[in-house]
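Listed below are the residues making up each chain.
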Amino acid sequence: MSNLVAVIMAAGKGTRMKSKLPKVMHSLAGKTLIEHVLDMVGQAGVKRSLVIVGHGREVIEAHINKRAEIVVQTEQLGTGHAVMQALPYLEGEQTILVLSGDQPLLKSETLNALVESHQIQGASATVLTAYMDQPFGYGRIVKEGENLSKIVEEKDATPEQRNIIEINTGTYCFKGSALKEALRKITTENAQGEYYLTEVFDILLKHGEKVVTYCTANSHEALGINSRGQLAEAEGIVRKRILEHWMAEGVTIVDPASTFIDTEVVLAQDVTILPFTRLSGKTRIEEDAVIGPQTSMDNCIVGCGSEVTYTVAKEALIGERCHIGPFSYLRPGTKLEAEVKVGDFVEIKNSWIETGAKVPHLSYIGDTHIGKSANIGAGTITCNYDGVKKHPTKIGAHAFIGSNTNLVAPLEIGDYAVTGAGSTITKNVPEKALVVERGQQMVKEHWHREKMK
Ligand code: UD1
Ligand code: MG
């Protein structure tokens, strides 16, 4: 849509959130509120967006990172005042969408429908409205017959007006020239002493301009985030949308009530997600993989047919047909090739483990490269840190590390080498060698009886 500009208001403090974070920086299903709005506006095909910032502007500006033009509102004198700040950057012949940064559930289809209705009707302004069972806090749509007569804020409303359940969603479409004209005339004569954007409708109507409403059937989309309670409510709605989407794409989600999947996660067909599982960031799960129960993965990739159970993983790459867990901890920089096994109480950090290698029990593997088909015995520890620096360990292909081995890095164990259980290995081991480092076993026969004498 050319000649269409979005103005997104995001300068308010969000007092009702009681937070040091600006309201639009709060996170919803893995994305900030402002990102949700910017993404949605982008999906609707709007090429140019202006974001009005004020409170916490540095944080928001850095976060938006040039995705939109920034306009500063130094003092937050109300939504009308916020949009006034954008006027120098807007042209009269443009169609202007005004949105709030605190309305992350609005869908691009609805925004497009609003613009279409605005254009078909040849209106000067169109207000997106919705019916809310509990309209408390929202501006109410006051009508005379079918026509809008004004928008009244909760705090300015009469008891009868408070009974109106058609509310102002805070999303509007304007003819640029009409918006520019009307904004010049708004006042602060209301209960909050603010410049209300909603006053422009009174003004336009008085000037005989055509002002209409477009009502969205899905009132969920109008939810404005003003409190932590509303944030949680929105989280529930987005979460349900995401789960329904993936189920429709062929993913089995055994218990949607205990499954949390962020917006940017990607799941392939025939993936199964077992209960109490959380997938966040840009996690991607390939076909036939089974994740959970009780698994948390952030920014991970899991290959086809792998199973990950009772596991915590962050920034890890898991190849095809791997078996991870129960109770594995994969930390950033973990890269597992195909058919790797990582078992119970194993922690892996910044390590590359090649095809078919196994770390089945009770190990710490850090800054390590393990060759293919190597077997790491229970209780193996790579001693990678000397208190000052981290050092690497290399374990060759087909090596067999005995149980309870300490590998003191920097260290290289050759291909097919074997370490005896309980050894502390400090020097490199050549390929195919057996290395044992432990005290000789001393056996004092009848020692018990001797002592008793
Ligand atoms: C506003 C509407 C109300 C509507 C509701 C929908 C007005 C007067 N009221 O009320 O009719 O039902 O949204 O959610 O417009 N902002 C600024 N600068 C300011 C003040 C606010 O940028 O000086 C921004 C806020 O950061 C926020 C948005 O504008 O993103 C809306 O402000 P908010 O205070 O949440 O308005 P509501 O009371 O929700
Ligand atoms: Mg609001």
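Quick notes on the rules
- Residues numbered from 1 in each chain as written.
- Chains lettered and ligands numbered in written order.
- Predicted model: local features only at pLDDT ≥ 70, side-chain atom pairs only at ≥ 80, totals over all residues.
- Heavy atoms only, no water.
- Helix = DSSP H or I, 4+ residues; strand = E, 2+ residues; numbered from the N terminus.
- Rg over C-alpha atoms; globule rule 2.2 N^0.38 Å.
- Buried < 20%, exposed > 50% of the residue type's maximum accessible area, 1.4 Å probe, protein only.
- Contact = heavy atoms within 4.5 Å.
- Areas by Shrake-Rupley, 256 points an atom, 1.4 Å probe, with all protein chains shown as cover.
- Lys, Arg positive; Asp, Glu negative; His and termini not counted.
- Charge placed at Lys NZ, Arg CZ, Asp CG, Glu CD.
- Donors = N, O, S within 2.8 Å, 3.2 Å for Na, K, Ca; no water.
- Core = buried A, V, L, I, M, F, W, Y, C linked by side-chain atoms within 4.5 Å.
- Domains from an automatic or database assignment.
- Expected span 1.5 Å × (residues − 1).
- Phe/Tyr/Trp six-rings, centres within 6.5 Å; stacked < 30°, edge-to-face > 60°.
- Pairing = 2+ DSSP bridges.
- Near = heavy atom within 4 Å.
- Polar contact = N/O pair within 3.5 Å; in protein donor to acceptor, adjacent residues only side chain to side chain.

Brief notes about the overall build of the chain
Now for step 1: A count of helical and extended segments in the chain gives nine helices and 41 strands.
Now for step 2: For 453 residues, the compact-globule formula gives about 22 Å, and the C-alpha radius of gyration of the chain, at 31 Å, lies well above that figure.
Now for step 3: Each of the three principal axes of the chain carries a C-alpha extent, and together these read 110 × 55 × 45 Å.
Now for step 4: Taking all 453 residues of the chain together, the buried fraction comes to 49%.
Now for step 5: Contacts in the chain between residues far apart in sequence, at least 24 positions, make up 40% of those at least 6 positions apart.
Now for step 6: Of the accessible surface of the chain, which amounts to about 21600 Å², a share of 51% is contributed by carbon and sulfur atoms.
Now for step 7: Counting 48 positive and 54 negative side-chain charges, the chain places the centres of these two groups 6 Å from one another.

Focus on the coordination of the magnesium ion (ligand 2)
Now for step 1: Distances from the magnesium ion (ligand 2) to its protein donors, Asp102 (OD) and Asn226 (OD1), fall at 2.3 to 2.5 Å. Taken as a pair, aspartate 102 in the loop between β6 (95-100) and α4 (108-121) and asparagine 226 in the loop between β11 (211-216) and α8 (228-248) lie far apart in primary sequence, 124 residues in all.
Now for step 2: Judged by relative accessible area, which is 13%, aspartate 102 ranks as buried.

Topic: the nonpolar core
One recurring pattern in soluble globular proteins is that nonpolar side chains are buried together.
Now for step 1: Within the largest apolar cluster, 64 residues are counted, with the highest numbers of intra-cluster contacts made by Met297 and Ile413.
Now for step 2: The greatest single-element share of this core, amounting to seven residues, is contributed by α8.
Now for step 3: The two domains that each donate at least three residues to this core are domain 1 (4-222) and domain 2 (243-435).
Now for step 4: Listed in part, the 32 residues of the second largest apolar core include Val83, Ile96, Ile203 and Val211.

Section: the environment of alanine 11
Now for step 1: By the element assignment, alanine 11 lies in the loop between β1 (4-10) and β2 (27-28).
Now for step 2: Spatially, the C-alpha atoms of alanine 11 and histidine 55 are 5.3 Å apart, while their sequence positions differ by 44 residues.
Now for step 3: In this view, alanine 11 contacts Ile52, Val53, Gly54, His55, Gln73 and Gln76; residues no more than four positions away in its chain are not counted.

Concerning α8
An α-helical segment advances 3.6 residues per turn. Residues three or four places apart therefore align on the same side.
Now for step 1: The end-to-end C-alpha separation of α8 is 30 Å, in line with the 30 Å expected for 21 residues at 1.5 Å each.
Now for step 2: Looking at α8, one finds that the buried residues are Gln230, Leu231, Ala234, Ile237, Val238, Arg239, Ile242, Leu243 and Trp246.
Now for step 3: Where the residues of α8 are buried, they touch β2, α1 (33-43), β12 (252-253), β13 (259-261) and β14 (266-267).
Now for step 4: One or two positions beyond α8, positive phi appears at glycine 250, with a value near 100°.

Observations regarding the packing of aromatic side chains
The geometry of an aromatic ring pair is captured by two quantities: the separation of the ring centres and the angle between the planes.
Now for step 1: For the coordinates displayed, the defined rule picks out five aromatic pairs.
Now for step 2: For the ring pair tyrosine 172 and phenylalanine 174, a centre distance of 5.9 Å and an interplane angle of 40° mean the geometry is tilted.
Now for step 3: Given the relative accessible area of 4%, tyrosine 172 is considered buried.
Now for step 4: The exposure class of phenylalanine 174 is buried, given its relative accessible area of 0%.
Now for step 5: The interplanar angle of 10° and the centroid separation of 5.3 Å between the aromatic rings of phenylalanine 327 and phenylalanine 345 together place this pair among those described as stacked.

Some thoughts on the sheet that holds strand β38 (residues 411-413)
Now for step 1: Spatially, the nine strands line up as an open sheet ordered β14-β17-β20-β23-β26-β29-β32-β35-β38, and their pairing is parallel. This sheet does not close on itself; its edge strands, each paired only once, are β14 and β38.
Now for step 2: Looking at chain direction, β14 and strand β17 (residues 284-285) are connected through two bridges and run parallel. Following the sheet pairing, leucine 267 is matched in β17 by isoleucine 285.

Let's talk about the site of ligand 1
Now for step 1: In the neighbourhood of ligand 1, 24 residues make up the surrounding shell, with Gly12, Gln73, Thr79, Glu153 and Asn168 lying closest.
Now for step 2: Between ligand 1 and lysine 23, the relevant distance is 3.3 Å, taken from an oxygen atom to a side-chain nitrogen or oxygen of the residue.
Now for step 3: The fraction of the free accessible surface of ligand 1 (750 Å²) that becomes covered by protein chains is 90%.
Now for step 4: When residues of the shell around ligand 1 are traced back to their parent elements, those giving at least two are β1, α3 (79-84) and β10 (166-175).

Side note on the domain arrangement of the chain
Now for step 1: When the domains of the chain are assigned, the result is domain 1 (4-222) and domain 2 (243-435).
Now for step 2: Averaged C-alpha coordinates put domain 1 and domain 2 at centres separated by 48 Å.

Topic: the pairing of strand β7 (residues 125-131)
Now for step 1: Most of β7 is tucked away: six of the seven residues are buried.
Now for step 2: Looking at chain direction, β7 and β11 are connected through six bridges and run parallel. For threonine 126, the partnering residue across the bridge sits in β11 and is valine 212.

Things to note about unusual backbone geometry
Now for step 1: A cis geometry characterises the amide bond from glycine 292 onward to proline 293, with omega recorded as 0°.
Now for step 2: Tracing the sequence through the fold places proline 293 in the loop between β18 (290-291) and β19 (296-298).
Now for step 3: Here the bond from glycine 325 into proline 326 is cis, since omega is 0°, no more than 30 degrees from zero.
Now for step 4: Inspection of the secondary structure assignment puts proline 326 in the loop between β24 (323-324) and β25 (328-330).

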